[in-house]
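Examination of the molecular architecture
Here is what each chain is made of, one letter per residue.
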Amino acid sequence: MWVTGPTAADRRGAAYALAERLLAGQRRVEVLDRLNDHDTDPERIGLMAEVLARNGIVAIVPCAEEGVTAVRERHAASGTRYVEVCASERDCAAETAESVHGLLTGRR
């Protein structure tokens with residue numbers, strides 16, 4: 001799950017709110033937050049997300065749009081499920097998280 005959008009605050013807020021909802025539903029989740037890690041290369045983070053996904057962990061990556069195209073292509077080639085949502089399409093980060101949670105769980 002890649003959360004894009006114009007501001008880091010919206011992306012991060014939506015990512016962590018979504019992680020909380022999925023954790024409450026007993027899902028295994030990891031937020032790969034580039035701001036909390038020294039590695040900011042989207043392709044490397046994409047590889048980490050792919051490995052987590054293969055092991056049944058929902059990887060959530062709040063990020064800018066730069067580099068996402070390469071990640072999208074890599075996930076498609078490997079058959080890794082890929083979802084991208086833009087946090088700016090909602091009124092607030094919590095609304096983005098609620099919408100995406102409904103999409104992932106089938107509860108809209």
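Right, let's walk through the structure included here. Each chain has its residues counted from 1, following the order in which its sequence is written. Restriction of local features to residues with pLDDT of at least 70 applies here, the model being predicted, together with a cutoff of 80 or more for giving and counting side-chain atom pairs; totals for whole chains, interfaces and linings are based on all residues. Hydrogens and water are ignored here; the side-chain numbers use all heavy atoms of the structure.

Counting buried residues in strand β3 (residues 58-62) gives five out of five residues, a clear majority hidden from the surface. The two faces of β3 match: Val58, Ile60 and Pro62 on one face and Ala59 and Val61 on the other face are all buried. A pair of strands counts as paired when DSSP detects no fewer than two bridges linking them. By definition, any uninterrupted DSSP run of H or I lasting at least four residues is a helix, any uninterrupted run of E lasting at least two residues is a strand, and each is numbered from the N terminus. Inspection of the sheet shows strand β1 (residues 2-4) paired to β3 by two bridges, in the parallel sense. Note that in β3 the partner of Val3 across the bridge is Pro62. As paired strands, strand β2 (residues 29-31) and β3 are joined by three bridges and run parallel to one another. Bridging from a neighbouring strand, Glu30 pairs with Ala59 of β3. Each residue is assigned to one of three classes by its accessible area relative to the maximum for its type, calculated with a 1.4 Å probe on protein chains only: buried under 20%, partly exposed between the two thresholds, exposed over 50%.

So, about the side chain of Asp33. Mapped onto the secondary structure, Asp33 falls in the loop between β2 and α2 (42-54). Here Arg12 takes part through its side chain, which lies 2.7 Å from a polar atom of the side chain of Asp33. Under the rule applied, a polar contact is a pair of N or O atoms within 3.5 Å (in protein, one hydrogen donor and one hydrogen acceptor; residues adjacent in sequence only if both atoms are side-chain atoms).

Right, let's get into the nonpolar core. Here, the term nonpolar core denotes a set of buried Ala, Val, Leu, Ile, Met, Phe, Trp, Tyr and Cys residues that are joined through side-chain atoms within 4.5 Å. Of all hydrophobic cores here, the largest spans 14 residues; its most connected members are Met1, Val3, Leu22, Val29 and Ile60. Sorting the residues of this core by element identifies α1 (8-24), β2 and β3 as the ones contributing at least two each. Per-element accounting of this core gives the leading share, five residues, to α1. Contact between two residues is taken to exist if any of their heavy atoms lie within 4.5 Å; hydrogens are not considered. Among residues more than four places away in sequence, those in contact with Val3 are Arg11, Ala14, Ala15, Ile60, Val61, Pro62, Cys63, Val85 and Ala87. By size, the runner-up hydrophobic cluster in this structure holds 12 residues, among which are Trp2, Ile45, Ala49 and Ala59.

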